[in-house]
Amino acid sequence: MQIRVKCKCGEGKCPEWAVVELQGVVEAQPAFQDRLQNLEIGVLCRPSSQQVYTFKVGYHELTGSKVALKKPTLVLQKTKHTHTGDVGTDTNSSNVELQVVGIIRHRILFKTRPKPLISKPQPAVKEKASATGAVASNQTA
């Protein structure tokens, strides 16, 4: 069986993709089990340099790095074309083509444990509390 691979984007112009590699398991809550397609699980950011990435998932933050793959990998989409035979024969032939969607040359590797994100109280609240305490102490003196 012959499988054709087509690339409409031209040589050197294919969209760049990256693989996000996490350690452990990402589990969806039972309410989202039937809606996993296009489910947003977090925010991926590149804050300062090209090599360091952060990934925020809920109340956790992961720090990772960009690593080049030894061999590039293609992202393909399979399409089937069915052709009916002559009127007198019952043969149906199907041709399978693979369309190049993108190319993966890098992976973003998160190999450390996630840091918990804890919200800090705002400093303005502390100043108000200390200012009211100072006023109370001045009145008693």
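Scroll up for the structure.
Bear in mind that the values here come from a model prediction, so they are computed numbers and not experimental data.

**Student:** Even after reading the chapter, I still don't get the side chain of Gln99, so can you show me in this structure?
**Tutor:** By the element assignment, Gln99 lies in strand S6 (residues 92-110). A relative accessible area of 17% means that Gln99 is categorised as buried. The residues contacting Gln99, other than those within four sequence positions of it, are Lys6, Lys8, Val75, Leu76 and Gln77.

**Student:** Explain the pattern of salt bridges here, please?
**Tutor:** Oppositely charged side chains can form a pair if their charged atoms are brought close together. Taken as a whole and judged by the stated rule, the model has two salt bridges. Across the pair Glu16 and Arg105 runs a salt bridge, and its minimum N-O distance is 2.2 Å. Here the residue Glu16 occupies a position in strand S2 (residues 16-22), and Arg105 occupies one in strand S6, the gap between them amounting to 89 residues. Note on Glu16: relative accessible area 47%, which makes it partly exposed. Of the charged contacts, one joins Glu21 and Arg107 as a salt bridge, the two residues approaching to 2.7 Å between their closest N and O atoms. Of the two residues, Glu21 sits in strand S2 while Arg107 sits in strand S6, which places them 86 residues apart along the sequence. For Glu21, a relative accessible area of 27% puts it in the partly exposed group. Look at Arg107 and you get partly exposed, because its relative accessible area is 26%.

**Student:** What am I meant to see in the environment of Glu61 here?
**Tutor:** Position of Glu61 relative to the elements: it lies in strand S5 (residues 60-84). Separated by 19 residues in sequence, Glu61 and Gly42 place their C-alpha atoms 9.5 Å apart.

**Student:** What should I look at first to understand a nonpolar patch on the surface in this one?
**Tutor:** Taken together, Val26, Leu36, Leu39 and Ile41 make up a surface patch of nonpolar side chains, about 330 Å² in accessible area. Mapping Val26 onto the fold places it in the loop between S2 and strand S3 (43-45). The exposure class assigned to Val26 is exposed, which follows from its relative accessible area of 53%.

**Student:** What's the story with the nonpolar core in this structure? I'm lost.
**Tutor:** In a soluble, globular protein the nonpolar side chains are often hidden away together inside. Judged by nonpolar contacts, Tyr53, Phe55, Leu62, Ile108 and Phe110 together constitute the single largest core of five residues. Going through the elements one at a time, strand S4 (52-57) and S6 are the ones with two or more residues in this core. Other than its neighbours up to four places away in sequence, Phe55 contacts Leu22, Ile41, Gly42, Val43, Leu44, His60, Glu61, Leu62 and Phe110.

Here is what the cut-offs are and how they apply
- Residues numbered from 1 in each chain as written.
- Predicted model: local features only at pLDDT ≥ 70, side-chain atom pairs only at ≥ 80, totals over all residues.
- Heavy atoms only, no water.
- Helix = DSSP H or I, 4+ residues; strand = E, 2+ residues; numbered from the N terminus.
- Buried < 20%, exposed > 50% of the residue type's maximum accessible area, 1.4 Å probe, protein only.
- Contact = heavy atoms within 4.5 Å.
- Salt bridge = Lys/Arg side-chain N within 4 Å of Asp/Glu carboxyl O.
- Patch = residues over 30% accessible without salt bridge, like charges linked within 9 Å, V, L, I, M, F, W, Y side chains within 5 Å.
- Areas by Shrake-Rupley, 256 points an atom, 1.4 Å probe, with all protein chains shown as cover.
- Core = buried A, V, L, I, M, F, W, Y, C linked by side-chain atoms within 4.5 Å.

As far as function goes, none of this settles anything; it's purely spatial.
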